Each structure stands twice: as C-alpha cells, then as structure tokens.
Amino acid sequence: MKKILLFIVVAMTGIAASAGNNSWTKEAWLAHKKDECEKAGKPYNEAMYAAGFERRDVNKDGIMTIEELRPQSTVPPPAEKK
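Here's a quick rundown of the structure. Note that this is a predicted model, so its numbers are computed, not measured.

With that settled, the discussion passes to the environment of Leu-69. Of note, Leu-69 is situated in helix α4 (residues 66-69). Since its relative accessible area comes to 26%, Leu-69 is described here as partly exposed. Spatially, the C-alpha atom of Leu-69 lies 8.9 Å from that of Phe-53, the residues being 16 residues apart in sequence. Excluding anything up to four places from it in sequence, Leu-69 contacts Trp-24, Trp-29, Arg-56 and Met-64.

Structurally, Asp-57 can be placed in the loop between α3 (46-56) and β2 (63-65). Nearest to the buried, unbridged Asp-57 among oppositely charged side chains is Lys-60, at 5.8 Å. With near-sequence residues (within four places) excluded, Asp-57 lies in contact with Gly-62, Ile-63 and Glu-68.

This part is about the environment of Phe-53. Counting through the fold element by element, Phe-53 comes out in helix α3. Separated by ten residues in the primary sequence, Phe-53 and Ile-63 place their C-alpha atoms 9.0 Å from one another. With near-sequence residues (within four places) excluded, Phe-53 lies in contact with Trp-24, Thr-25, Lys-26, Trp-29, Gly-62, Ile-63 and Met-64.

The next point concerns α3. Residues lying three or four places apart along an α-helix face the same way, a consequence of the helix completing one turn every 3.6 residues. Residues of α3 that are buried include every one of Tyr-49, Ala-50, Gly-52 and Phe-53, and no others. For α3, the angular spread of the buried residues around the axis is 160 degrees, confining them to a single face. Exposed and oriented more than 90 degrees from the buried face of α3 are Ala-47 and Arg-55. Turning to α3, the residues buried within the fold contact β1 (23-25), α2 (26-40) and β2. Regarding α3, its N-cap is Asn-45, as a side-chain oxygen of that residue lies 3.3 Å from the backbone nitrogen of Ala-47 further along.

With that settled, the discussion passes to the pattern of salt bridges. Under the definition given, this model contains three salt bridges. For Glu-36, the salt bridge is made with Lys-33, and the minimal N-O distance between the two is 3.2 Å. Residue Glu-36 and its partner Lys-33 are located together in helix α2, separated by three residues, close to a single helical turn. Residue Lys-39 pairs with Asp-35 through a salt bridge whose shortest N-O separation is 3.3 Å.

Once that is clear, we can look at the nonpolar core. Within the largest apolar cluster, eight residues are counted, these being Trp-24, Trp-29, Leu-30, Cys-37, Tyr-49, Ala-50, Phe-53 and Met-64. Elements supplying a minimum of two residues to this core: α2 and α3. With near-sequence residues (within four places) excluded, Trp-29 lies in contact with Trp-24, Tyr-49, Phe-53, Arg-56, Met-64 and Leu-69.

Definitions and cut-offs
- Starting from 1, residues in each chain are numbered consecutively following that chain's sequence as written.
- Per-residue local features of the predicted model are confined to residues with pLDDT of at least 70, and side-chain atom pairs are confined, for both listing and counting, to 80 or more; whole-chain, interface and lining totals are unaffected and use all residues.
- Just so you know, side-chain values use all the structure's heavy atoms and leave hydrogens and water out.
- For the purposes of this entry, the term helix denotes a DSSP run of H or I that reaches at least four residues, the term strand denotes a run of E that reaches at least two, and both are numbered from the N terminus.
- Each residue is assigned to one of three classes by its accessible area relative to the maximum for its type, calculated with a 1.4 Å probe on protein chains only: buried under 20%, partly exposed between the two thresholds, exposed over 50%.
- Every residue pair with non-hydrogen atoms within 4.5 Å of one another is taken to be in contact.
- In this tally Asp and Glu are treated as negative and Lys and Arg as positive; neither His nor the chain ends contributes.
- One side-chain nitrogen of Lys or Arg within 4 Å of one carboxyl oxygen of Asp or Glu is enough to make a salt bridge.
- For this quantity, the arc is that covered by the directions from the helix axis to the C-beta atoms.
- Residues adjacent in sequence count toward polar contacts only when both atoms are side-chain atoms; beyond that, a polar contact is any pair of N or O atoms within 3.5 Å, and within protein one must be able to donate a hydrogen and the other to accept it.
- Note on terminology: a nonpolar core comprises buried Ala, Val, Leu, Ile, Met, Phe, Trp, Tyr and Cys residues joined through side-chain atoms within 4.5 Å.

Structure representation (structure tokens):
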C-alpha cells in the first residue's frame, strides 16, 4: 500500500512539474536543448534548434507557447457527409 501511494505522489509531482512551464523564450529554449544534449551525450547544434524555435513560433513574438509547441496534425479533417 505504501509503495502504491508513493508511486502516485511521484507521478503527480512529475505531471505538475511538466505543466509548470507554459512558454519558452528563444534563449531559454536553446539553453534547455543544450542541457538535454549534454545529459544525453549528443552533439548540440544551436542553429538547428534555433531554426526549430523560429518554425514553431507561429506568431513571431519571440515566445513559444505550449500551443505552438504541440505538434500540428497532418491528418486532414474528415469530409462532411452530404
């Protein structure tokens, strides 16, 4: 019982922590990506991540919101029935 309760608390804490950051500036996004690359032992390509930020920042305000970060569906909406 104690293990289940501990698991639930840890899971909910992770969800709350991931929900806390709803927007990214370009500098914060690049720093975040650099940190991810260093932790994973992968090379960091600033130009690639900067281009990705620019592509996702739809309204070009320099802040990428959570709505802009979500992947856009490439599946067309279903055709309306007549």
